[in-house]
2 protein chains.
Amino acid sequence: MAGTDSTQAPKLGGPSVILIEPQLGENIGAAARAMLNCGLTDLRLVSPRDGWPNPKANAMASGALDEAVQVSLFETTDAAIADLNYVLATTARHRFMSKPIYTARQAATELRQRQRAGQRSGLLFGAERSGMTNDDVARANAIVTVPLNPAFSSLNLGQSVLLIGYEWYLSDDNTPAHSFEDKGSPPATKAQLTNFFARLEGALDETGFLRLEDKRPTMVRNLRNLFQRAELTDQELKTLHGVISSLMRDRATPES
Amino acid sequence: MAGTDSTQAPKLGGPSVILIEPQLGENIGAAARAMLNCGLTDLRLVSPRDGWPNPKANAMASGALDEAVQVSLFETTDAAIADLNYVLATTARHRFMSKPIYTARQAATELRQRQRAGQRSGLLFGAERSGMTNDDVARANAIVTVPLNPAFSSLNLGQSVLLIGYEWYLSDDNTPAHSFEDKGSPPATKAQLTNFFARLEGALDETGFLRLEDKRPTMVRNLRNLFQRAELTDQELKTLHGVISSLMRDRATPES
């Protein structure tokens, strides 16, 4: 999906993303891109296999690593989380540890609440193949697991960051669930609709479509409902008036 | 994140995913993988640039294209959606068309409702660079836009499919928001806790930690709250009893 509006200030800040011993630069770049998609900007790398900086990461980050996402480097997980008050470990595997497990959505609520209380939080992500060690899981307050098809739940690093970041973003987003882009033409008023219905029904009376008296009320209601449901704009109603005029033009005079 | 449990039957079915003129096989593969993560299995390709089948798609699909995700090929968008009752166009760009716009979450609700009513639905995704044409958008009932950082909202194809698919999956998922993995040891009973508190407070009385009578009630309550909050298991309480025994072992007899 294209669609970046760089005139709008990004929503920045939020939990740190800590990648533990990431292997491929491409995955670090994809994680950075996903972070910025979701307004996260503090990326911490614990002993990345191929060192840092890594040109392959930049190539995959679509610009996210140029300015917005800040990267810092640590030798140990303990050092990377030292300043954080609350840490979640992202893992899909059962760990057989006594630990709370949150869905990504619930984790976002917990993280948002702590941010509002002035606490600093972080999300731990394990290495690509091996995942997170149990010792790293034990460094976290709780586990986050993204609910997905249990028979095929494996995600790559960038996708894990994206799904958890997305829930973080939504936990403070007020986009209306349903909106309507109206091209500058507002929905028609009910008076305009009533006027259109009179026109349409008059034309259909004239052409004989509504001639069965006992069926007429139902047919009229059905037609009205169809156009109500379409939520016609002012401009669209004008177009439909034109359609009726065009269809009625040059009709032969009815025989009777 | 690793973690695929292939003993669990996948939740399959759901809306068709229609990729219009996809360019890179890798992106088709990533889309297929994301689909199966979310229990979607009907992939329709409209004029893929490099033809089909495409080995690069299989390489990126992590096995999703081997069996579970079914691919069909179409020459036009109209042909690909011909059997569907309800179609959503995924796009982040403003189209200046009079059309309802849903968030991914709301779109999932709409799609789920229609599936329950026995209708077939589809999700249209445009080509990687050019996105969806306005004519293709006009083929859809409504638009889906994923709310993301407005200054950096661009997603690749696999990620778009993943986020919308994730919401689809969650719209019929009953994973508890907060659960607790207890390693087979249940949370301790309150009687076990009361017993532990008596033991701990007795030891601390003995060592003088609780000697200030006016502070004692608050200190005791704080200690009790800390252990209540930890939601100790039966097994952990046994460990803590051992910790107290160990710390109290071989103490010098108090002087007074």
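For the structure, check the block above.
Scope of this entry: the structure provided in the associated data block. Predicted model, so just to flag it, every value in this text is computed and none were measured.

In sheet architecture, strand pairing relies on hydrogen bonds along the backbone and comes in two forms, parallel and antiparallel. If you trace the 8 strands from one edge of the open sheet to the other, you get S8(A)-S5(B)-S7(B)-S4(B)-S6(B)-S1(B)-S2(B)-S3(B), paired in mixed fashion. Two strands bound the open sheet, and with one partner strand each, they are strand S8 (178–181) of chain A together with strand S3 (70–74) of chain B. The sheet shows a mean angle of 30 degrees between the axes of neighbouring strands, taken without regard to direction. Examined bridge by bridge, strand S2 (residues 42–46) of chain B and S3(B) share 5 bridges and lie parallel to one another. In the strand pairing of S3(B), Asp42(B) is matched with Gln70(B). Set on the sheet, helix H6 (residues 157–170) of chain B makes contact with strand S1 (16–20), strand S4 (86–90), strand S6 (121–125) and strand S7 (142–145) of chain B; between it and S6(B) the angle comes to about 150 degrees.

Below, the discussion takes up the interface of chain A and chain B. Of the residues lining the interface, 68 residues belong to chain A; the matching set on chain B comes to 68 residues. For the pair chain A and chain B, the summed buried surface comes to about 6200 Å²; carbon and sulfur atoms form 55% of the total. In this structure, the connection of chain A to chain B is made through 2 salt bridges. Salt-bridge contacts for Arg105(B) lead to Glu167(A); the nearest nitrogen and oxygen are separated by 3.0 Å. Among the secondary structure elements, those contributing two or more residues to the side of chain A that touches chain B are helix H1 (25–37), strand S5 (99–103), helix H4 (104–116), helix H6 (157–170) and S8 of chain A. Residues of the side of chain A that touches chain B, tallied by class, amount to 32 nonpolar, 23 polar and 13 charged. One ladder, built from 4 bridges, connects S8(A) with strand S5 (residues 99–103) of chain B; its direction is antiparallel. Following the sheet pairing, Phe180(A) is matched in S5(B) by Pro100(B).

This part takes up the pattern of salt bridges. Inspection of the entire model under this criterion finds 28 salt bridges over all chains. Between Arg112(B) and Asp172(B) there is a salt bridge; the shortest N-O distance is 3.8 Å. Pair noted here: Arg112(B) is in helix H4 (residues 104–116) and Asp172(B) is in the loop between H6 and strand S8 (178–181), with a separation of 60 residues, a long-range link. Taken together, the shared-partner salt bridges connect Asp42(A), Arg44(A), Asp83(A) and Arg120(A) into one network.

To continue, consider the pairing of S7(B). Residue and element names in this part refer to chain B. Pairing analysis gives 3 bridges linking S4 to S7, with the strands arranged parallel. Across the sheet, Leu-88 pairs through a bridge with Ala-142, a residue of S7. Relative to S7, S5 runs parallel, the two being bridged by 3 bridges. Note that in S7 the partner of Tyr-102 across the bridge is Val-144.

All right, on to the state of the cysteines then. Counted according to the given criterion, the structure contains 0 disulfides over all chains. Here Cys38(A) is not disulfide-linked; the sulfur of Cys38(B) is the nearest cysteine sulfur, at 15 Å.

This next bit is on the nonpolar core. Counting residues in hydrophobic clusters, the biggest one holds 80 residues, and the most contacted among them are Leu43(A) and Leu43(B). When neighbours within four sequence positions are excluded, Leu43(B) is seen to be in contact with Val17(B), Leu19(B), Ile28(B), Ala32(B), Met35(B), Leu65(B), Val69(B), Gln70(B), Val71(B) and Ser72(B).

According to the stated counting rule, one finds 5 aromatic pairs over all chains in the structure shown. A ring pair is formed by Phe196(A) and Phe197(A), whose centres lie 6.1 Å apart and whose planes are at 50 degrees; its orientation type is tilted. Judged on exposure class, the residue Phe196(A) and its partner Phe197(A) are both buried. Each ring, one from Phe196(B) and one from Phe227(B), has its centre 5.2 Å from the other, and the planes form 80 degrees; the classification is edge-to-face. Highlighted residues: Phe196(B) in helix H7 (residues 190–207) and Phe227(B) in helix H8 (residues 216–229), separated in sequence by 31 residues. Given the relative accessible area of 15%, Phe227(B) is considered buried. The lysine or arginine in question, Arg112(A), covers the ring of Trp168(A), its NZ or CZ lying 3.6 Å from the ring centre. The positively charged end of Arg114(A) is found above the aromatic ring belonging to Tyr86(A), 3.6 Å away from the centroid.

A word on the packing of H4(B) against H6(B). All names here are of chain B. Where H4 contacts H6, the axes come no closer than 8 Å and their chain directions differ by 50 degrees. What the angle tells us is that H4 and H6 run oblique. Between H4 and H6 lies a crossing of right-handed hand. Along the contact surface, H4 presents Ala-104, Arg-105, Ala-108, Leu-111, Arg-112 and Gln-115, while H6 presents Ile-164, Glu-167, Trp-168 and Tyr-169. Of the residues contributing to the contact of H4 with H6, the split by class is 6 nonpolar, 1 polar and 3 charged.

Within the secondary structure, Glu201(A) is located in helix H7 (residues 190–207). Beyond its immediate sequence surroundings of up to four residues, Glu201(A) is in contact with Leu210(A), Arg216(A), Val220(A) and Arg224(A).

Here is what the cut-offs are and how they apply
Residues numbered from 1 in each chain as written. Chains lettered and ligands numbered in written order. Predicted model: local features only at pLDDT ≥ 70, side-chain atom pairs only at ≥ 80, totals over all residues. Heavy atoms only, no water. Pairing = 2+ DSSP bridges. Helix = DSSP H or I, 4+ residues; strand = E, 2+ residues; numbered from the N terminus. Axes fitted to C-alpha atoms, helices over the stretch in contact; angles between N-to-C directions. Contact = heavy atoms within 4.5 Å. Buried area = accessible area lost by both parts, 1.4 Å probe. Salt bridge = Lys/Arg side-chain N within 4 Å of Asp/Glu carboxyl O. Nonpolar A, V, L, I, M, F, W, Y, C, P; charged D, E, K, R; others polar. Disulfide = S-S within 2.5 Å. Core = buried A, V, L, I, M, F, W, Y, C linked by side-chain atoms within 4.5 Å. Buried < 20%, exposed > 50% of the residue type's maximum accessible area, 1.4 Å probe, protein only. Phe/Tyr/Trp six-rings, centres within 6.5 Å; stacked < 30°, edge-to-face > 60°. Lys NZ or Arg CZ within 6 Å of the ring centre and 35° of its normal. Parallel < 35°, antiparallel > 145°, perpendicular 65-115°, else oblique. Left-handed = near helix turned anticlockwise from the far one by under 90°.

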